[in-house]
Amino acid sequence: MIRIHVLDTGAVHVSPYVPYDSNGVGKMKLMGITVPSNQWVWLPVMSYLIEHPNGLVLVDTGWDRRISPSGEFDKHTQRIVLGSKMLARVNQGMLPEGKAIDEQLLKLGFSARDLDYVVITHLDCDHVSGIPQVAHAKHILVSDDEMQAALSGTTTNRIRYQSSLWRDVPLTLYQWNSDRGPFNRSYDLFGDHSVELINLPGHSNGLVAVKITNNEGKYVLLTSDAAYSQKSWREMILPGIFTNRNDQLKSLRWIREESLAPNCLASLSTHDPDVEPHVIEF
């Protein structure tokens, strides 16, 4: 049996064009500079703990407790932790008490040392900033493509990716070892196709979705930010932040196809406001 814990690891306050922006409104609206504050939206930040016969796997880490030390939105502290005033403005994070990933692991009877793998789907701050809380995991995985993009030094990437968030944590960079997905680039975690990290570029170069499949071929798909919600792939609405629109569209089409397939038990996105914490067993 496989058990997936869907965990609420905080919230992020963003311009409404970040999750849904097929028309390409431009950077000013994406950053919320020309968008009234009452139009900004709070979205959940989900992480996933997978109890698998081959090991214990955490997908993403949510926010770091340091950005929200009292459990409330703290603009000053967040700017310090994220290392960029602009990044802290675009991605306003909040982490209620008891929601940090180490706090939730403890409630489930685990510690970071019990984790065989931590999979970072991509290096945006709301997915990776909690990584110090699981620094003692056995392996912390980031795709080599994602790290190369994060260190590329472009103006946008210097704001978007803050290496200080993971600098003191030992990471394992991996290259694709299988050919699943729309770009024929994937990483077979256990060598049996039961947990596959499938490259879905577009939002970021090395972003991966995680596909968890049981012995009967039934699966759960964790889309990360290649789709912000079920609404994204049902209505084919692209997220606003992208590195390549064509790749982003191809990735979203693949998510739609996989999500509508008969063997798909659930298709979950990190920021879907309609998803509540729950447990999937299959």
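Computed from a predicted model, the values in this text were never measured in an experiment. (Residues numbered from 1 in each chain as written. Predicted model: local features only at pLDDT ≥ 70, side-chain atom pairs only at ≥ 80, totals over all residues. Heavy atoms only, no water.)

Caption draft 1: Representation of the overall build of the chain in the model. Helices and strands together make up the secondary structure of the chain, namely nine helices and 13 strands. In summary, the chain has a C-alpha radius of gyration of 17 Å against a globular reference of 19 Å for 282 residues, a match within 12%. Burial statistics for the chain: of 282 residues in total, 56% are counted as buried. Within the chain, contacts between residues separated by at least 24 positions form 68% of all contacts whose residues are at least 6 apart in sequence. Between the mean site of the 26 positive side-chain charges and the mean site of the 32 negative ones, the chain shows a separation of 7 Å. (Helix = DSSP H or I, 4+ residues; strand = E, 2+ residues; numbered from the N terminus. Rg over C-alpha atoms; globule rule 2.2 N^0.38 Å. Buried < 20%, exposed > 50% of the residue type's maximum accessible area, 1.4 Å probe, protein only. Contact = heavy atoms within 4.5 Å. Lys, Arg positive; Asp, Glu negative; His and termini not counted. Charge placed at Lys NZ, Arg CZ, Asp CG, Glu CD.)

Caption draft 2: Layout of the environment of Glu-51. Residue position: Glu-51 is located in strand 2 (residues 41-52). Overall, the relative accessible area of 22% leaves Glu-51 in the partly exposed class. Sequence separation between Glu-51 and Val-275 is 224 residues, and the spatial gap between their C-alpha atoms is 20 Å. Contact partners of Glu-51, with chain neighbours within four places excluded, come to Met-1, Ile-2, Arg-3, His-5, Leu-56 and Phe-110. There is a polar contact of 2.6 Å between the side chain of Glu-51 and the side chain of His-5. (Polar contact = N/O pair within 3.5 Å; in protein donor to acceptor, adjacent residues only side chain to side chain.)

Caption draft 3: Region of the structure containing the side chain of His-5. One can find His-5 in strand 1 (residues 3-14). Given a relative accessible area of 8%, His-5 falls into the buried group. In this structure His-5 touches Ser-47, Tyr-48, Leu-49, Glu-51, Leu-108, His-278 and Val-279, once residues within four positions along its chain are discounted.

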